[in-house]
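# Results of the structural survey
Read off the chains here:
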Amino acid sequence: GDSVTQMEGPVTLSEEAFLTINCTYTATGYPSLFWYVQYPGEGLQLLLKATKADDKGSNKGFEATYRKETTSFHLEKGSVQVSDSAVYFCALSGYGNKLVFGAGTILRVKS
Amino acid sequence: DAMVIQNPRYQVTQFGKPVTLSCSQTLNHNVMYWYQQKSSQAPKLLFHYYDKDFNNEADTPDNFQSRRPNTSFCFLDIRSPGLGDAAMYLCATSRENMDPALQYFGPGTRLTVL
């Protein structure tokens, strides 16, 4: 079945450091790919998405490119802030448009 | 602002005492979802509605039920909560004829079972 694998956390960075959170997927067909962010005590918010191969999703300085050849959708940001501390979930739209989530990666940014 | 609202944000119940969580939306989306998220885990889909059509996930326990009286509201009923049901419960919506895979989440209800 469809699945998403994310790098384990927590990831701890200093402010202004470069961020990469790896995400790979297994799916039949050509799913849409998403990154959701969850701030402490809150629900999930869509961060960015990509719907086909080579698409780049971007928002708030975060980027991810849909790589069909490597089945990956890694999240990157050039300069993180303390306010970026949250849990990041990679997800794909599977059968019936249901979201399949990765386990989540905790990001902690220190000032 | 159009949004997904969940009430209450925090719910405490006793072992075996039925509890109902509610979700409302002003987005006029026809699809509504309920997820269970345990600590440090990914959200797990319990069931969803396409309009009034109920779709249960195969591994959702019978202890979990849902009602959708109209487009705007959806309820999650836990008939006899166990300690293992303590979790964050997330409601989400999407619109089938726009981008059905794009879901909008509410803030969640954190359920504690004593």
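Look above for the structure.
Here's what I pulled together on the structure shown here. Just so you know, these numbers come straight off a predicted model, no measurement behind them. (Residues numbered from 1 in each chain as written. Chains lettered and ligands numbered in written order. Predicted model: local features only at pLDDT ≥ 70, side-chain atom pairs only at ≥ 80, totals over all residues. Heavy atoms only, no water.)

This next bit is on the sheet that holds strand β9 (residues 75-77) of chain A. All names here are of chain A. Within the open sheet, the 4 strands sit side by side as β3-β9-β8-β7. Their pairing is antiparallel. In this open sheet, the two strands that pair with only one neighbour each are β3 (19-21) and β7 (56-59). Between one strand axis and the next, the sheet turns by 15 degrees as a mean value, whatever way the strands run. Both strand β8 (residues 62-65) and β9 contribute to a ladder of 3 bridges, which runs antiparallel. Looking at β9, one finds that Ala-64 is bridged to Leu-75. (Pairing = 2+ DSSP bridges. Helix = DSSP H or I, 4+ residues; strand = E, 2+ residues; numbered from the N terminus. Axes fitted to C-alpha atoms, helices over the stretch in contact; angles between N-to-C directions.)

Before going further, it helps to spend a moment on the nonpolar core. All names here are of chain A. Residues Leu-19, Trp-35, Leu-47, Leu-48, Phe-73, Leu-75 and Tyr-88 are the most contacted members of the largest nonpolar core, which totals 26 residues. Of all the secondary-structure elements, those providing two or more residues to this core are β2 (11-14), β3, β4 (23-26), β5 (33-38), β6 (44-50), β8, β10 (86-93) and β12 (105-110). In terms of nonpolar packing, the next biggest core, distinct from the first, is built from 19 residues, Phe-34, Leu-44, Phe-89 and Leu-99 among them. (Core = buried A, V, L, I, M, F, W, Y, C linked by side-chain atoms within 4.5 Å. Buried < 20%, exposed > 50% of the residue type's maximum accessible area, 1.4 Å probe, protein only.)

Right, let's talk about the interface of chain A and chain B for a bit. Interfaces are often described in size by the accessible area the parts lose on coming together. Listed by partner, the interface residues are 18 residues for chain A and 22 residues for chain B. Area buried by chain A at its contact with chain B is led by Leu-44, Asn-97 and Lys-98 of chain A, which between them contribute 31% of it. The tally of links between chain A and chain B comes to 1 salt bridge. One salt bridge connects Glu-57 of chain B with Lys-98 of chain A, and the closest N-O pair in it is separated by 2.8 Å. In this structure, the connection of chain A to chain B is made through 4 residue pairs in polar contact (both at pLDDT 80 or more). For the side of chain A that touches chain B, the secondary-structure elements that each account for two or more residues are β5, β6, β10 and β11 (99-101) of chain A. The residue inventory of the side of chain A that touches chain B, partitioned by class, reads 8 nonpolar, 7 polar and 3 charged. (Contact = heavy atoms within 4.5 Å. Buried area = accessible area lost by both parts, 1.4 Å probe. Salt bridge = Lys/Arg side-chain N within 4 Å of Asp/Glu carboxyl O. Polar contact = N/O pair within 3.5 Å; in protein donor to acceptor, adjacent residues only side chain to side chain. Nonpolar A, V, L, I, M, F, W, Y, C, P; charged D, E, K, R; others polar.)

Turning next to the packing of aromatic side chains. In this structure the tally under the stated criterion is 14 aromatic pairs over all chains. On the basis of an interplanar angle of 80 degrees and a centroid distance of 5.9 Å, the ring pair of Phe-101 of chain A and Tyr-35 of chain B is categorised as edge-to-face. Placement of the pair is Phe-101 of chain A in strand β11 and Tyr-35 of chain B in strand β4 (residues 31-37), with the two residues belonging to separate chains. Taken as a pair, Phe-101 of chain A and Tyr-35 of chain B share a single burial class, namely buried. Consider the rings of Phe-101 of chain A and Phe-105 of chain B, whose centres lie 6.2 Å apart with planes at 70 degrees: the pair is edge-to-face. Of this pair, Phe-101 of chain A sits in strand β11 while Phe-105 of chain B sits in strand β10 (residues 104-105), on two different chains. Comparing Phe-101 of chain A with Phe-105 of chain B shows no difference in burial state: the two are buried. Pairwise contacts between aromatic rings join Phe-34, Tyr-36, Phe-89 and Phe-101 of chain A together with Tyr-33, Tyr-35 and Phe-105 of chain B into one cluster. (Phe/Tyr/Trp six-rings, centres within 6.5 Å; stacked < 30°, edge-to-face > 60°.)

So, on to the side chain of Thr-13 of chain B. Residue and element names in this part refer to chain B. Its place among the elements puts Thr-13 in strand β2 (residues 10-13). For Thr-13, the side chain forms a polar contact with the main-chain oxygen of Lys-17, separated by 3.1 Å. Not counting the four nearest positions on each side in its chain, Thr-13 is found in contact with Pro-18, Val-19, Pro-81, Leu-111, Thr-112, Val-113 and Leu-114.

Let us now look at the pattern of salt bridges. Residue and element names in this part refer to chain A. In this structure the tally under the stated criterion is 6 salt bridges over all chains. Its salt-bridge partner being Glu-63, residue Lys-56 comes within 3.6 Å of it at the nearest N-O pair. Among the residues examined, Glu-63 registers a relative accessible area of 34% and is labelled partly exposed. Put simply, Asp-84 and Lys-77 hold a salt bridge, and the shortest N to O gap is 2.8 Å. For Lys-77, a relative accessible area of 9% corresponds to the buried category.

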